[in-house]
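Structural characterization, general
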Amino acid sequence: MTQHKKQTWLMRRLRQFWLLVPLVAILIALMLSDLGDFMGYSPFRSDPCALTDIDQSSISTRMYLPLARWALRYTPTPSVAIVYIDPRSDPPDLLTNTCASRAFLARLVPALNAIAAHVIVIDKYYSADACAETDKNAAFLKAMESSKVPIVVGQATHALGDSSSLSGCLALTRRLEFSKTSKVLYGLTRLNTDDLKIPLRWPVFSQPAAPSPTPSQPAPPSPPATALPVASGDTLALAAAKAVNPNLESDPGVQKLLAAHIDPYTTFLDLPHITALTALCSAEPAPRAPAQRAPIDGQPGDALCQPWVRPLDNLDGKQLSLAGKIVVIGDLSDQDMKPFPTNLAPFPPGQRPGVFLQANYIQALLDHRFLEAIPLGLTLTGLIVFVIGVYCLYWSHDKEGQPHLNSEQAGLGSLIVFAALVLVSLVVLLGMSYFTPLWALWGAGVFLVFRYLEDSGHHRSQHLRAHLAGESGQSEHGAAGHQPQASSPKEKLSKKEKEH
């Protein structure tokens, strides 16, 4: 009898396994939603060749920033300042005319040297044939190569023609070369598709030009690409941070990230920023040289500079001085806007300029202010263990097949387990700088609710069926009591005897 009860209970439980299908589907939907559009590692979109930025408008992404700020409560004194070229205030040619932009930087770089900037970072890349005006090119090269301050400029990349057999797919684009004796360094301007991550290093290759076609070989094959030294793939942020701290790469935390090819997450500070005209006009001595006293090819002279001159120790009205600062120069253009979870005036909602991101990446690397996501395999394992644990609470029974806990007790126990899971995630976040991807916590919470609703609904349906069956039995019994009973043969015989 006991064995029969056990088999009956087991079959009843096995029939409930079909409920796992929608629950698993919900979890997968949550995972794909946040794995694709949020900061967790995505095996489908973590691709250095991808050009599309991940959308940063999801709820999970918006929750990440306050969570990260809470975990990384250290707010450093900024050592990075942003000098941006704004078409609303600066000469418009600086964004549209390459030669005018180089002529402007030929004046800005010496001015930053004069006020003792620590490092100059230019969030632009330069090609040898982009400007045909030799005088402006010569002035630009002279200013860059004579700088006493280290300068980090951008390095462009392009996709390899055939990278199927390689560990990466990026090749360095031909660039404007500076003197080997200069203090000019290069860093890749390529960002991670997830802007919340600090891009550290990409595997890059050198791809020789294809040979010229010949009559015997009209379409000669391209020479194979060759891997370049790992340092050639340093991003602009990493190259700039290493220019400030040459021992940065020997730090154990940074070493681990580089060895594992992990781009960590960080928080974003409201770094000091000023317009390029404010920096130039305040740093250049007045009166300016005759060639600089009037706007020529978009270059500011005395008349244009006068409204932008500020004290060198208070350039932004908040006591900003560029002396000893890492100065990051970049454009505020529509093409350079990147998706971002929060808004910042005067930029479009949900966007930040790339120069703001680059400056924050540099500051975060210098402060060691970054977080890592718990590996995907460990996260999924923990989630599966949690699901199994919750089912054990609901399915635990005695030898007679009676559950140890009712729905409310099992739901309360599951809630306690979930709270413990969140607490452990916070401890790991604070103690080890590892954060649990929020899609895992969302999935666990949704599963908790659905499991409780499923079990309580199952028990309510059982009680309802039992109640309906009881009412049906009582009605049948009542109907049988009102019917006349048939007499037995003995009763009929006794009645006849009484009549006689």
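Residues numbered from 1 in each chain as written. Predicted model: local features only at pLDDT ≥ 70, side-chain atom pairs only at ≥ 80, totals over all residues. Heavy atoms only, no water.

**Some remarks on helix α9 (residues 276-283)**
Burial analysis of α9 places eight of its eight residues in the buried class, the great majority of the element. Buried residues of α9: A276, L277, T278, A279, L280, C281, S282 and A283, and no others. Taken together, the buried residues of α9 touch β1 (80-85), α5 (98-114), β9 (273-275) and α10 (302-305). (Buried < 20%, exposed > 50% of the residue type's maximum accessible area, 1.4 Å probe, protein only. Helix = DSSP H or I, 4+ residues; strand = E, 2+ residues; numbered from the N terminus. Contact = heavy atoms within 4.5 Å.)

**Things to note about the pattern of salt bridges**
Side chains that carry opposite charge are capable of pairing whenever their charged atoms lie near each other. Evaluated as defined, the whole model comprises 10 salt bridges. Across the pair D86 and R88 runs a salt bridge, and its minimum N-O distance is 2.8 Å. What makes D86 buried here is its relative accessible area of 7%. The exposed category is assigned to R88, whose relative accessible area is 60%. Residues R107 and E284 are paired through a salt bridge, measuring 2.8 Å at the closest nitrogen-oxygen approach. Taken together, the residues R107 in helix α5 and E284 in the loop between α9 and α10 connect sequence positions 177 residues apart. Grouping residues by exposure puts R107 and E284 together as buried. Each of R201, D234, K242 and E249 takes part in one network of salt bridges that share partners. (Salt bridge = Lys/Arg side-chain N within 4 Å of Asp/Glu carboxyl O.)

**So, the confidence of the model for the protein**
Overall, the prediction assigns the protein a mean pLDDT of 79, with 74% of residues at 70 or greater. Here residues 290-296 is modelled with pLDDT under 50, and outside its nearest four sequence neighbours on either side it reaches 14 contacts, counting other chains as well. Long-range and interchain partners of residues 495-500, a stretch whose pLDDT sits below 50, account for one contact in this model, where long-range means more than four residues apart. (pLDDT = per-residue confidence, 0-100.)

**What to know about unusual backbone geometry**
With a phi angle near 65°, A116 is a residue other than glycine that sits in the positive phi range. Mapped onto the secondary structure, A116 falls in the loop between α5 and β2 (119-125). Backbone geometry at H261 places phi at a positive 55°, although glycine is not the residue there. The residue H261 is located in the loop between α8 (252-260) and β9 in this model.

**Digging into the sheet that holds strand β8 (residues 226-227)**
Spatially, four strands are ordered β4-β5-β7-β8 in an open sheet, and the strand pairing comes out mixed. Bordering the open sheet on either side are β4 (157-159) and β8, each of which pairs with just one other strand. (Pairing = 2+ DSSP bridges.)

**Some details on the sheet that holds β1**
Taken together, the six strands give an open sheet; going across it, the order is β6-β3-β2-β10-β1-β9, and neighbouring strands pair in parallel fashion. Two strands bound the open sheet, and with one partner strand each, they are β6 (184-188) and β9. If you compare each strand with its neighbour and ignore which way they point, the axes differ by 25° on average. For β2 and strand β10 (residues 326-331), the ladder comprises four bridges, and the chain directions are parallel. (Axes fitted to C-alpha atoms, helices over the stretch in contact; angles between N-to-C directions.)

**Quick notes on the packing of aromatic side chains**
Scanning the entire structure with this criterion turns up 11 aromatic pairs. Geometrically, the ring pair formed by F140 and F178 is edge-to-face, given 6.0 Å between the ring centres and 65° between the ring planes. Placement of the pair is F140 in helix α6 (residues 134-145) and F178 in the loop between β5 (170-172) and β6, with a sequence separation of 38 residues. Taking the relative accessible area as the measure of exposure, F140 reaches 0% and is therefore buried. Of the residues examined, F178 reaches a relative accessible area of 7% and is grouped as buried. Plain terms: the ring middles of F386 and F447 are 6.4 Å apart, the flat faces sit at 70° to each other, and that makes the pair edge-to-face. Taken together, the residues span a long stretch of sequence, with F386 in helix α12 (residues 376-395) and F447 in helix α14 (residues 438-481) at a distance of 61 residues. Here the two residues F386 and F447 agree in accessibility, since each one is buried. Within the aromatic cluster, the residues linked to one another by ring pairs are F386, Y391, W395, F418 and F447. One Lys or Arg, R451, reaches over the ring of Y394 and ends 4.5 Å from the middle of that ring. (Phe/Tyr/Trp six-rings, centres within 6.5 Å; stacked < 30°, edge-to-face > 60°. Lys NZ or Arg CZ within 6 Å of the ring centre and 35° of its normal.)

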